[in-house]
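# Summary of structural features
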Amino acid sequence: MTNTPSTPDSPHAPNAPGPRLTVAVLGPGGVGGLLAALLSRSGHRVLCLAGEETAHTLRTSGIHVRSTVFGDFTAPVDADTTLREPVDACLITVKATALDAALTRIPPTALGDALLVPFLNGVEHPALLRARYAPDRVAPSVIRVESTRTAPGLIEHTSPFAEIDLAGAKVPRPRLEALAGALTAAGPVARVLDDETAALWAKMSFLAPFALLTTRYGLPLGEARTRHREELASLVAETAAVSRACGAPVDQAQALARYDAFPPAAKSSMQRDAEAGRPLELDAIGGALLRAADRHGVPVPVTARIVRELREAGR
């Protein structure tokens, strides 16, 4: 496909179901930029929150997406440096390392009754957000996708999937269902789950071994799972044990099989950050796993060693 703009009336663009939502996106990078563009193309109003230079680029040129799943298109968005108006939902799509600084763009008084939907790696951020914002509006969620921002407003979506699990036990279910419907109509497959702990740990159980092993050895998944098979199996077993202790049972054999089914050239986002010299989400992933293991008295010797080695290497 050519990289030509599409509008909500384009034959390639889905129509927004139900009411038109206003959605803020904090951090329009690989994940946030993709969701912002898809929602905008589907007919919803999207407000991206970013630094002044990025906000100016997005206001001027929109977001350009290249995707074998959703096509190549350009979607218009609004953009600002701070949330200054009511929205229906605010998606948080920054890295865990940038969360504290990014939250200054969302004053609690401005957020009001809006849903706060974090798509962050790790399992500790919901408590932080609930201490700062209305606890019954924080909806910890999970997205499975490989999408990269190559420049402000330029998004490369490379995975053959984009799947979203929305959760939040105290969040009004109709609000979650409405957002799930809007996201699904826009392109990603979105569903609402009853158990946020299970949702967060389901991703953590896959992500932690993948991220730690590929980053430690600087290898894509195919080589890492072959050359360091024993360590991968140990990481999977340890993460599954911690997940079970936290109340989220994980099928260890199924988890290991998922790595074997994944494309051999796949790299974790942590590994890509390491290659680019960016800060790593090591504490949000490996650190959080070690803290949970310590709380529940679960031995995780291989995880502890790899996290220690990454820290000693300056990661």
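Structure: above.
Keep in mind that what you see is a predicted model, and the values were worked out from it rather than measured. (Residues numbered from 1 in each chain as written. Predicted model: local features only at pLDDT ≥ 70, side-chain atom pairs only at ≥ 80, totals over all residues. Heavy atoms only, no water.)

### Brief notes about the layout of surface pockets
- The computed volume of the second largest pocket comes to approximately 260 Å³.
- If you go around the second largest pocket, you meet 17 residues; those closest to its centre are A96, L99, E124, D283 and A284.
- For the lining of the second largest pocket, the secondary-structure elements that each account for two or more residues are α3 (99-102), α5 (125-132) and α12 (282-296). (1 Å grid on protein atoms, 1.4 Å probe; cavity = no way out; pocket = protein on both sides within 12 Å on 5 of 7 lines; lining within 4 Å. Points joined across faces, edges and corners; volume = space filled by probe spheres on them. Helix = DSSP H or I, 4+ residues; strand = E, 2+ residues; numbered from the N terminus.)

### A look at the pattern of salt bridges
- In total, this model carries 28 salt bridges according to the counting rule given.
- A salt bridge links D113 to R137; its shortest N-O distance comes to 2.8 Å. Of the two residues, D113 is situated in the loop between α4 (108-111) and β7 (115-118) and R137 in the loop between α5 and β8 (142-144); the sequence distance between them amounts to 24 residues.
- You can call D113 partly exposed: its relative accessible area is 46%.
- In this structure, D136 engages R137 in a salt bridge whose closest nitrogen and oxygen atoms are separated by 3.3 Å. (Salt bridge = Lys/Arg side-chain N within 4 Å of Asp/Glu carboxyl O. Buried < 20%, exposed > 50% of the residue type's maximum accessible area, 1.4 Å probe, protein only.)

### Things to note about the nonpolar core
- Formed by 43 residues in total, the largest nonpolar core has its most connected members in W201, M204, V242, Y259, L282 and I306.
- Per-element tally for this core: the top contributor is helix α7 (residues 196-217), with 10 residues.
- Once residues lying within four places of it in the same chain are set aside, the contact partners of V242 are W201, L289, A292, A293, V298 and V300.
- Counting residues in hydrophobic clusters, the runner-up holds 41 residues, among them I63, A75, V171 and L176. (Core = buried A, V, L, I, M, F, W, Y, C linked by side-chain atoms within 4.5 Å. Contact = heavy atoms within 4.5 Å.)

### Points about the pairing of strand β1 (residues 22-26)
- The buried fraction of β1 is high, at five of five residues.
- Residues T22, A24 and L26 of β1 are buried on one face, and the alternating residues V23 and V25, pointing to the opposite face, are buried as well.
- Sheet topology note: the β1/strand β2 (residues 45-49) ladder contains five bridges and is parallel. The residue bridging V23 from the neighbouring strand is V46, located in β2.
- Between the parallel elements β1 and β2, the chain passes through helix α1 (residues 30-41) in a crossover that is right-handed.
- Note: β1 against strand β6 (residues 89-92), four bridges, orientation parallel. In the strand pairing of β6, L26 is matched with I92. (Pairing = 2+ DSSP bridges. Right-handed = clockwise from strand over helix to strand, strands pointing away.)

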